Amino acid sequence: AAASTGVVRFERARAELDRASLPMLDKVARVGRACPKATIDISGHTDDEGTPERNANLAERRARAVAQYLVRGGFSASRIKAEGYGETRPAVPNDTPQHMAINRRSEFVVRAE
């Protein structure tokens, strides 16, 4: 399960990891330590509140927060790609507070090659 797609969510306008996401990220870090050829792609996302420039920066910080946590857990930085997409790839429409919360996220895909 740790090697499948996962999602980490964030509070509005923040890039700090939610403690509830840490156990899942710890499992992903273990995969990185156990599988030296495993790679991970991390994408940061925001809701559409604020300017596109601000959201792109925040999304990048979110992706980097996930990457930094995984590196501290033993996943090699050379096997991590982190990129911020801002508000350009919403998971759901930004039409309700609940949907906006869903869009404040980082997604990742782990590949054990």
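Bear in mind the structure is a predicted one, so any value in this text is a computation, not a measurement.

> Help me understand the nonpolar core, please; the structure alone is not making it clear to me.
What tends to happen in soluble globular proteins is that the nonpolar side chains get buried as a cluster. If you look at the biggest cluster of nonpolar residues, it comprises 19 residues, and the most contacted ones within it are L25, I40, I42, L70 and F108. For this core, the secondary structure elements donating two or more residues are α1 (22-34), β2 (38-45), α2 (52-72) and β4 (105-112). Those residues within four positions of L70 in sequence are excluded, and the remaining contacts are L25, V28, A29, I40, I42, F75 and I80.

> Honestly, α1 in this entry has me stumped. Any pointers?
Residues that lie three or four places apart on an α-helix share one face, since the helix turns once every 3.6 residues. For α1, built from 13 residues, the straight-helix expectation of 18 Å at 1.5 Å per residue is met to within 8% by its first-to-last C-alpha distance of 18 Å. Looking only at α1, the buried set comprises L22, L25, V28, A29, V31 and G32. With its buried residues spanning 165 degrees around the axis, α1 presents them on a single face.

> How should I be thinking about the side chain of D47 in this particular structure?
Residue position: D47 is located in the loop between β2 and α2. Sequence-distant contacts of D47, defined by excluding residues within four places in its chain, comprise N55, E87, N94, M100, N103 and R104.

> Explanation requested: the pattern of salt bridges in the structure shown.
Close approach of charged atoms allows side chains with opposite charge to pair. According to the stated counting rule, one finds five salt bridges in the structure shown. Residues R111 and D41 are paired through a salt bridge, measuring 2.6 Å at the closest nitrogen-oxygen approach. Taken as a pair, R111 in strand β4 and D41 in strand β2 lie far apart in primary sequence, 70 residues in all. We classify R111 as partly exposed; its relative accessible area is 37%.

> What should I look at first to understand the packing of α1 against α2 in this one?
Two packed helices can be described by the angle between their axes and the distance between those axes. At a closest axis distance of 9 Å, the pairing of α1 and α2 adopts a crossing angle of 60 degrees. If you check the angle between α1 and α2, you find them oblique. The handedness of the crossing between α1 and α2 is right-handed. Counted together, L22, L25, D26, V28 and A29 of α1 and V66, Y69 and L70 of α2 form the full contact between these two elements. The class makeup of the residues in the contact of α1 with α2 is seven nonpolar, no polar and one charged.

> Just checking my understanding: could you explain the pairing of strand β3 (residues 80-84) for this structure?
The side chains of a regular strand alternate between both faces of the sheet. Alignment of β2 against β3, held across five bridges, turns out to be parallel. Bridging across to β3, I40 finds its partner in I80. On the question of chirality, the crossover connecting β2 to the parallel β3 by way of α2 is right-handed.

> Please explain the side chain of R104 as it appears in this structure.
Within the secondary structure, R104 is located in the loop between α3 (97-103) and β4. A relative accessible area of 13% places R104 in the buried class. Here R104 is in contact with V8, R9, F10, E11, R12, H45, T46, D47 and R62, once residues within four sequence places are set aside.

> Can you walk me through the confidence of the model for the protein in this structure?
Caution is warranted with low-pLDDT regions, since their predicted coordinates should not be read in detail. With 95% of its residues at a pLDDT of 70 or more, the protein shows a mean pLDDT of 90. Averaged over each element, pLDDT in the protein is lowest for strand β1 (residues 6-9) (77) and highest for β3 (97).

So, how was this worked out
- Residues numbered from 1 in each chain as written.
- Predicted model: local features only at pLDDT ≥ 70, side-chain atom pairs only at ≥ 80, totals over all residues.
- Heavy atoms only, no water.
- Core = buried A, V, L, I, M, F, W, Y, C linked by side-chain atoms within 4.5 Å.
- Buried < 20%, exposed > 50% of the residue type's maximum accessible area, 1.4 Å probe, protein only.
- Helix = DSSP H or I, 4+ residues; strand = E, 2+ residues; numbered from the N terminus.
- Contact = heavy atoms within 4.5 Å.
- Expected span 1.5 Å × (residues − 1).
- Arc of directions from axis to C-beta.
- Salt bridge = Lys/Arg side-chain N within 4 Å of Asp/Glu carboxyl O.
- Axes fitted to C-alpha atoms, helices over the stretch in contact; angles between N-to-C directions.
- Parallel < 35°, antiparallel > 145°, perpendicular 65-115°, else oblique.
- Left-handed = near helix turned anticlockwise from the far one by under 90°.
- Nonpolar A, V, L, I, M, F, W, Y, C, P; charged D, E, K, R; others polar.
- Pairing = 2+ DSSP bridges.
- Right-handed = clockwise from strand over helix to strand, strands pointing away.
- pLDDT = per-residue confidence, 0-100.

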